[in-house]
Amino acid sequence: MDFDLSEEQRLLKDSVERLILERYGFDHRRKYQTEEAGFSEAMWARYAELGLLGLPFSQAHGGFGGGAVETMIVMEAFGQALILEPYFATVVLARGILRHRASEAQKAELIPPIAEGRMKLAFAYAEPQSRYDLFDVQTGAEKDGDGWMLSGTKGLVLHGEAADRIVVSARTAGGSRDNNGIGLFLVAGDAPGLRRRGYPTQDGLRAAEITLENVRVEPADVIGDPAGALPIIFRVADEAAGALCAEAVGCFAEMHSITLKYLKTREQFGTIIGSFQVLQHRAVDMFVELEQSRSMAMYVTMMAGEGNTTERERAISAAKAQIGQSAKARSASSRSSSMVASA
Amino acid sequence: MDLAFTNEEHAFREEVRQFLRDRVPPEMHRKLIESRNLSRDEMVAWARILNKKGWAVPHWPKEHGGAGWTPVQHYIFGEELQMYPVRDLPDFGTSLVGPVIYTFGNEAQKKYFLPRIANAEDWWCQGFSEPGAGSDLASLQTRAVRDGDHYVVNGQKIWTTLAQYADWIFCLVRTNPGVKKQLGISFLLIDMKSPGITVRPIQLIDGGYEVNEIFFDDVRVPAENLVGEEDKGWDYAKFLLGNERFSIASVGTSKERILRVKELAAKCRVGEERLIDRATFREKVAAVEIQLKALEVTQLRVVTNASKEQKGRQDPASAILKLKGSEIQQATADLLLEVVGPYTLPYVSEEDLESGNEPPIGPDWAAAIAPAYFNARKVSIYGGSDEIQKNIIAKAILGL
Ligand SMILES: Cc1cc2nc3c(=O)[nH]c(=O)nc-3n(C[C@H](O)[C@H](O)[C@H](O)COP(=O)(O)OP(=O)(O)OC[C@H]3O[C@@H](n4cnc5c(N)ncnc54)[C@H](O)[C@@H]3O)c2cc1C
């Protein structure tokens, strides 16, 4: 039982936090947002220099050799600033897929340029009708000689526009909601037959709707078993949920600290508003939720390697639910009622 | 970062479990599962079983009978007891006055009282709160005036838990009314058999008599029963209240209650369905379990931090244990109440429940659940109410 970071992890944390502190204030963020890509290419290069883009990979593949704890550290720091760059899309999602399922040849081709900041990825798993069902895949993959031909629509592809390569889930067999018959395919962002419609998201990031019309996939670009990808998609979705938990904790911590600063400086009725007990108690409620969320983010991180799938999935769902609730908790008056009734 | 317990810790947990399986009296175990109250004799008998094993006061220093465990071992022990479930004695002796005596008491007091506390020879109660002094404890009025070798005590205490069983009471009394209120308080040990003490029970909303009023009318207390120095009692009280938060998150208790919820909900049918299979009910249970998991991890963070003995640097997360622990304990009581449903309505007195002469009204496990629900209201009041906890966190941690 140990909640401490190792020496290297502490160094990583220090360096990411310093970067965020120096280069990612809210004004920076506004400025980065106006750049052509909707984020900062310069920051992306900095992440590469710091080794963050090689994180979840072993050194053998040009990666920095990290795991869930490292991802937690980085995502938490990024959550403080709500960074705009496609870190989550490239490193957590798409590279998560590669890590679990790519062939050695694919890894050798893709990992070094990603780690060096020369290649961005996206993961196109959702479709307009699929809502939260990762198995609801209508985009079709037809056999085409030795390769495949993809046709269909993928929706809400995070950073789909900026991606040099896109991992696409498509159906090779079965009905549109079957668990079996889903494959993963690598396509170039500018592949013939692929169209992208980019747009901003509510939080100022970028996403895209992507249509595929007879997009050809070479055999070398099929990731793993073309009919058996769903377990890997689930696995990566779990890891991604864990990463988002850490990001949320970073974001809560920052919001709490900003709120506290304000409570201590803003004056009304001749005194700082932090002297009012109602506001003190709300600040405490926020603090309680923050610490509970922090515990859960640590918990999922430590459960990431859990071999028992059910246990792991339970842990991740619990953390996600806890943090989602905490994010919305307002005050003690909603206490057990919000806990029980609105569940 | 690593969630795993060591092999030694696993072995220790197994040892505790085995001990509980071998030694917890079955009748007492059953009562606790059913949310029923224990008799004084049952609690004392259990305390002695623990003491025989050397586990009655494991958190005390070794020279006074402590077990010399690591914080993680204490955590495991507490959790296993709570989950079994079995209760340790109300901790007035072992966790509250005991540590005050070995920290601030004189040799004679240590020698006499500590072994008696460990073996439950004396039942202790806590005489802090008064009608005019609850959250604002330092405004207490009960007077102790020195008269030769004695103090003469006059005044009233209230909400004194299980004073009806008590042999001794530890009291905060005012010895110096002329100074700032925190500075004129002393810590006295008073024999409950002293002439001039009257204990009057208070019936609570659960129908039981857990708390009392105590009146002191010219009660003569030997001056040797003063702990530490006169007028320094507030310091000792603050020390004691710090210890009161010991296992206050009650994670194990809440875990056990949730198991009970699931067990009973699997027995209840709603039309064709079992209650446990209803989606709306399952979501409610899951919501509480999730909060509890987060609290468990928070508690483990605090425990492992304590293991590193960064003295004086208490983990800020520890402040939320009481607050969140109370909320979750009450939520588990809510769930049990919901499982029982309409048959929470009949009130069965404790005597009828004990005697078992009358057939049960409704399911035979239902009767004690509503009282337990009502009883659980207390957890957000005693040991510092929720609001007081928030005041403390706002000031000490958030700097407001
Ligand atoms: C079941 C039970 C057992 C108990 N056992 C014992 C015992 O064995 N020995 C003993 O000495 N005492 C015991 N107590 C007493 C307990 O410690 C007090 O009830 C507690 O300290 C609160 O004091 P009070 O009841 O006087 O409430 P008050 O202090 O009058 O509080 C009333 C309300 O006002 C709020 N409030 C008070 N001050 C503030 C503030 N500054 N800011 C915001 N809100 C505030 C409180 O949170 C509460 O909601 C017991 C209580 C209960 C319920």
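How each quantity is defined
Residues numbered from 1 in each chain as written. Chains lettered and ligands numbered in written order. Predicted model: local features only at pLDDT ≥ 70, side-chain atom pairs only at ≥ 80, totals over all residues. Heavy atoms only, no water. Helix = DSSP H or I, 4+ residues; strand = E, 2+ residues; numbered from the N terminus. Rg over C-alpha atoms; globule rule 2.2 N^0.38 Å. Buried < 20%, exposed > 50% of the residue type's maximum accessible area, 1.4 Å probe, protein only. Contact = heavy atoms within 4.5 Å. Areas by Shrake-Rupley, 256 points an atom, 1.4 Å probe, with all protein chains shown as cover. Domains from an automatic or database assignment. UniProt positions renumbered as here; feature names shortened; annotations may be inferred. Axes fitted to C-alpha atoms, helices over the stretch in contact; angles between N-to-C directions. Parallel < 35°, antiparallel > 145°, perpendicular 65-115°, else oblique. Left-handed = near helix turned anticlockwise from the far one by under 90°. Nonpolar A, V, L, I, M, F, W, Y, C, P; charged D, E, K, R; others polar. Core = buried A, V, L, I, M, F, W, Y, C linked by side-chain atoms within 4.5 Å. Near = heavy atom within 4 Å. Polar contact = N/O pair within 3.5 Å; in protein donor to acceptor, adjacent residues only side chain to side chain. Buried area = accessible area lost by both parts, 1.4 Å probe. Salt bridge = Lys/Arg side-chain N within 4 Å of Asp/Glu carboxyl O. Pairing = 2+ DSSP bridges. Phe/Tyr/Trp six-rings, centres within 6.5 Å; stacked < 30°, edge-to-face > 60°. Lys NZ or Arg CZ within 6 Å of the ring centre and 35° of its normal. Arc of directions from axis to C-beta.

Concerning the overall build of chain B
Scanning chain B for helices and strands turns up 13 helices and 10 strands. Against the 2.2 N^0.38 benchmark of 21 Å for 400 residues, chain B shows a C-alpha radius of gyration of 22 Å, consistent with a compact globule. Based on the C-alpha atoms only, the size of chain B along its principal axes is roughly 75 × 55 × 45 Å. Evaluated residue by residue, chain B yields a buried proportion of 52% over its 400 residues. Sequence separation of at least 24 residues holds for 72% of the intrachain contacts in chain B that already meet a minimum separation of 6. Accessible surface, chain B: about 18,400 Å² in total, of which carbon and sulfur atoms supply 52%.

Comments concerning the domain arrangement of chain A
For chain A, the domain assignment lists domain 1 (7-119), domain 2 (122-227) and domain 3 (232-342). The distance between the C-alpha centroids of domain 2 of chain A and domain 3 of chain A comes to 33 Å.

Here's the deal with the UniProt feature "domain: Acyl-CoA oxidase/dehydrogenase middle" (unreviewed entry) in chain B
UniProt's feature table lists "domain: Acyl-CoA oxidase/dehydrogenase middle" (unreviewed entry) at residues 125-219 of chain B, given in the numbering used throughout. Counted over residues 125-219 of chain B, helix gives 0% and strand 52%. Its end C-alpha atoms are 17 Å apart.

Some remarks on the packing of helix α1 (residues 7-23) of chain A against helix α4 (residues 68-81) of chain A
Residues and elements named next belong to chain A. Axis separation between α1 and α4 bottoms out at 9 Å; the angle between their running directions is 20°. Relative to α4, the element α1 is oriented roughly parallel. In this structure, α1 crosses over α4, and the sense of that crossing is right-handed. Contacts between α1 and α4 pair Q9, L12, K13, V16, E17 and I20 from the former with V69, E70, I73, V74, E76, A77, F78, Q80 and A81 from the latter. Of the residues in the contact of α1 with α4, the class split is nine nonpolar, two polar and four charged.

Examining the nonpolar core
With 130 residues, the main nonpolar core has Y47(A), Y87(A) and I190(B) as its most contacted residues. The greatest single-element share of this core, amounting to 12 residues, is contributed by helix α7 (residues 230-265) of chain A. Apart from the residues within four sequence positions on either side, Y87(A) is in contact with W44(A), L52(A), L53(A), L55(A), V74(A), M75(A), F78(A) and V92(A). F113(B), F128(B), L137(B) and F187(B) belong to the second largest nonpolar core, which has 29 residues in total.

Details of the site of the ligand
Surrounding the ligand, one finds 19 residues, the nearest of these being Q277(A), S135(B), W159(B), T161(B) and S385(B). Nearby residues place the ligand at the junction of chains A and B. Here an oxygen atom of the ligand sits 3.0 Å away from a polar atom, N or O, in the main chain of F128(B). The separation between a nitrogen atom of the ligand and a polar side-chain atom of S129(B) is 2.7 Å. Protein coverage of the free-state accessible area of the ligand, which is 970 Å², stands at 67%.

Some points on the interface of chain A and chain B
The interface of chain A with chain B comprises 39 residues on the first partner and 40 residues on the second. For the pairing of chain A and chain B, the buried interface totals around 3,900 Å² over both sides, and the portion due to carbon and sulfur atoms is 67%. At the junction of chain A and chain B, the tally comes to three salt bridges. If you look at where chain A meets chain B, you find 14 residue pairs in polar contact (both at pLDDT 80 or more).

Observations regarding the side chain of H256(A)
Locating H256(A) in the fold gives a position in helix α7. Polar contacts involving the side chain of H256(A) include one to the main-chain carbonyl oxygen of A283(A), which spans 3.0 Å.

With respect to the pairing of strand β2 (residues 140-144) of chain A
Residues and elements named next belong to chain A. Note that β2 and strand β3 (residues 147-158) share five bridges and pair antiparallel. Looking at the pairing, A141 lines up with L150 of β3. Hairpin connection, β2 to β3: the antiparallel pair is bridged by two residues, and G145 has positive phi, about 65°.

So, the domain arrangement of chain B
All names here are of chain B. Partitioning chain B into domains gives domain 1 (7-89), domain 2 (124-233) and domain 3 (244-397). Residue-level contacts link six residues of domain 2 with eight residues of domain 3. Note on domain 2 versus domain 3: buried area summed over both sides is about 590 Å², and carbon and sulfur give 47% of it. Looking only at domain 2, the three residues that lose the most surface to domain 3 are I205, D206 and E210, adding up to 64% of its buried area.

Observations regarding the packing of aromatic side chains
Residues and elements named next belong to chain B. Counted under the stated rule, the structure contains 27 aromatic pairs over all chains. Residues W55 and F77 carry aromatic rings whose centres are separated by 5.4 Å and whose planes lie at 75° to one another, so their mutual orientation is edge-to-face. Placement of the pair is W55 in the loop between α3 (40-53) and α4 (71-83) and F77 in helix α4, with a sequence separation of 22 residues. Residues W55 and F77 agree in their burial class; the two are buried. In this arrangement the basic side chain of R13 is found over the ring face of F5, its NZ or CZ atom lying 5.2 Å from the centre. Across from the ring centre of Y151, 5.2 Å away, lies the NZ or CZ of R146, which sits over that ring.

Structural notes on the pairing of strand β6 (residues 194-200) of chain A
Residues and elements named next belong to chain A. One ladder, built from seven bridges, connects β6 with strand β7 (residues 206-217); its direction is antiparallel. Considered in β7, the bridge of L194 is made with L212. Between β6 and β7, which pair antiparallel in sequence order, lie five residues; one of them, G204, sits at a positive phi of approximately 85°.

Side note on the packing of α4(A) against helix α5 (residues 87-101) of chain A
Residue and element names in this part refer to chain A. Relative orientation of the contacting elements α4 and α5 amounts to 160°, with a least axis distance of 12 Å. One element, α4, and the other, α5, form an angle in the roughly antiparallel class. As for the relative orientation of α4 and α5, their crossing is left-handed in sense. Here T71, V74, M75 and F78 of α4 lie close against α5, whose contacting residues are Y87, F88 and V92.

Some details on the environment of I111(A)
All names here are of chain A. Among the secondary structure elements, I111 is positioned in helix α6 (residues 104-115). Residue classification places I111 among the buried positions, given a relative accessible area of 0%. Separated by 40 residues in the primary sequence, I111 and S151 place their C-alpha atoms 27 Å from one another.

Some points on helix α3 (residues 41-50) of chain A
All names here are of chain A. Residues of α3 that are buried: M43, W44, Y47 and A48. One side of α3 holds all its buried residues, which, seen down the axis, span an arc of 150°. Turning to α3, the residues buried within the fold contact α1, α2 (26-33), α4, α5 and α6. The distance from a side-chain oxygen at the start of α3 to the backbone nitrogen of A42 is 3.3 Å, and the residue carrying that oxygen is S40. Residue G51 follows α3 closely and has a positive phi angle near 85°.

Focus: unusual backbone geometry
Residue and element names in this part refer to chain B. Note that the residue after Y84, namely P85, is joined by a cis bond; omega there is -5°. Positionally, P85 belongs in the loop between α4 and α5 (92-104). A positive phi angle, near 50°, is found at S250, a position not held by glycine. Structurally, S250 can be placed in the loop between α7 (233-244) and α8 (251-267).

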